[in-house]
Amino acid sequence: MTNTIEKGAASALPLNTIIADDCIKAMAGLPANSVDLIFADPPYNLQLKGQLHRPDNSKVDAVDDHWDQFSSFQAYDQFTREWLQQARRILKPNGSLWVIGSYHNIFRVGTALQDEGFWILNDVVWRKSNPMPNFRGKRFTNAHETMIWASKSEGAKYTFNYEALKALNEGIQMRSDWVLPICTGHERLKDANGDKAHPTQKPESLLHRILVGATNPGDVVLDPFFGTGTTGAVAKMLGRNWIGIEREESYREVATARLKSVRKFDSEALQVSTSKRAEPRVPFGQLVERGMLRPGEELYSMNKRHKAKVRADGTLVGDNCKGSIHQVGAHLENAPSCNGWTYWCFKRDGKVVPIDVLRQQIRAEMQN
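Keep in mind that what you see is a predicted model, and the values were worked out from it rather than measured.

Novice: Looking at this structure, how should I read the nonpolar core?
Specialist: What tends to happen in soluble globular proteins is that the nonpolar side chains get buried as a cluster. Trp98, Met147, Trp178, Leu206 and Leu211 are the most contacted members of the largest nonpolar core, which totals 34 residues. Looking at this core element by element, the count peaks at six residues for helix α5 (residues 204-214). Beyond its immediate chain neighbours, meaning those up to four positions away, Leu211 contacts Leu37, Val221, Thr231, Val234, Ala235, Leu238 and Arg240. Among the nonpolar cores identified, the runner-up in size contains 30 residues, and Ala26, Leu91, Leu97 and Ile243 belong to it.

This is how it looks when you write it as structure tokens:
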């Protein structure tokens, strides 16, 4: 269900709701330190002078709406500082902010963001695989937009699902240049006249990558420039709570209808890949306590060059050395460190089995 709260009514944290108000006023009514992530797609302040036309003299549906018009750079900067101040106030200490823009505004936003105390983590280039051409032929085609990802302050902790993003990218570390198409076809929302419902509707693929990478199920995601609700739609699908702020009634109507048709993924589908460090810690000694490995049993290095004997306290004894599975492995390999879980294996029924299989078995039991 999607609710709409009218002006001045957002005194608590209105989850899964569109607030009908100016973003600065609406954020001022939200509790401090209450949201996990903010995705902001503010006005770009394009400063268009007259209409744009294609070579065949047809009009380009450019961004010339009143909400994108400011009297001066100074007026735009003041607006930017005010909404960023409120954004930082309501963001949790371990939350993060994403803001997207073009060359018209992103550099001014970046300066204001740093002035307000945010700490920039990355600038991410969204390279559009199907950009709109430059019809006048006097400049390069604007084929990208820039996103700034920032934590609330220097040294703050923040969510970064590194392994999940790596999995999205076929096992390769996700880079800061993302090649994704702009909103077209079935995803492009239309109004009653068949025209674009919003001139700068963002693709769901962009928000999917951001929310998978920087939030967890149950987190609260705020979009202070909600538009037609892309952030809310993706957040709902991914099991995140969302709050949208949108002052334009026509956009709210489109967003409300859109969100009604969105279904949350099932709980199993919402799980993502995590790093080994994020999984429950299992001491090697627990394998010995539970009889999965016996004192006196021999372990073998995966490279078949070394072996060591398991002791009752969960340590190993090898050639002129004793200690943890990591210490003995490092000593035998004459290396500064060693991950014993991936270094050692044991034999069962004539087969070689990595000891990490036993650790994963215990972890699976802990999660049930």
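There is more to say after this.
Novice: Whenever I open this one, the side chain of Thr231 confuses me. Can you help?
Specialist: Mapping Thr231 onto the fold places it in helix α6 (residues 230-237). Classification of Thr231 by relative accessible area gives buried; the value is 3%. Once you skip the residues sitting within four places of it in the chain, Thr231 turns out to touch Phe39, Leu207, Leu211, Val221 and Asp223.

Novice: Would you mind showing me how to read the pairing of strand β3 (residues 35-40) here?
Specialist: On a regular strand, one side chain projects to one face of the sheet and the next to the other, so that they alternate. Of all six residues that make up β3, six are buried, and the element is covered over most of its length. As defined by bridge partners, β3 adjoins strand β4 (residues 91-101) across five bridges and the pair is classed as parallel. Residue pairing across strands places Leu37 opposite Ser96, the latter belonging to β4. Inspection of the sheet shows β3 paired to strand β8 (residues 220-223) by two bridges, in the parallel sense. Bridge pairing links Leu37 to Val221 in β8.

Novice: Please explain the packing of aromatic side chains as it appears in this structure.
Specialist: Think of a pair of aromatic rings as described by two things: how far the centres are apart, and how the planes are tilted against each other in angle. If you walk through the whole model with that rule in mind, you get eleven aromatic pairs. Note on Trp98 and Trp178: the rings are 5.9 Å apart at their centroids and 40° apart in plane angle, and the pair reads as tilted. One end of the pair, Trp98, is in strand β4; the other, Trp178, is in strand β7 (residues 177-180), and 80 residues separate them in sequence. Accessibility assignment for this pair places Trp98 and Trp178 in one class, buried. Among the aromatic side chains, those forming a connected cluster through ring pairs are Trp98, Trp149, Tyr158, Phe160, Tyr162 and Trp178. Sitting above the plane of the Trp178 ring, Arg209 keeps its charged end 5.0 Å from the centroid. The aromatic ring of Tyr300 is capped on one face by Lys347, whose charged end is 4.6 Å from the ring centroid.

Basis of the calculations
Residues numbered from 1 in each chain as written. Predicted model: local features only at pLDDT ≥ 70, side-chain atom pairs only at ≥ 80, totals over all residues. Heavy atoms only, no water. Core = buried A, V, L, I, M, F, W, Y, C linked by side-chain atoms within 4.5 Å. Buried < 20%, exposed > 50% of the residue type's maximum accessible area, 1.4 Å probe, protein only. Helix = DSSP H or I, 4+ residues; strand = E, 2+ residues; numbered from the N terminus. Contact = heavy atoms within 4.5 Å. Pairing = 2+ DSSP bridges. Phe/Tyr/Trp six-rings, centres within 6.5 Å; stacked < 30°, edge-to-face > 60°. Lys NZ or Arg CZ within 6 Å of the ring centre and 35° of its normal.

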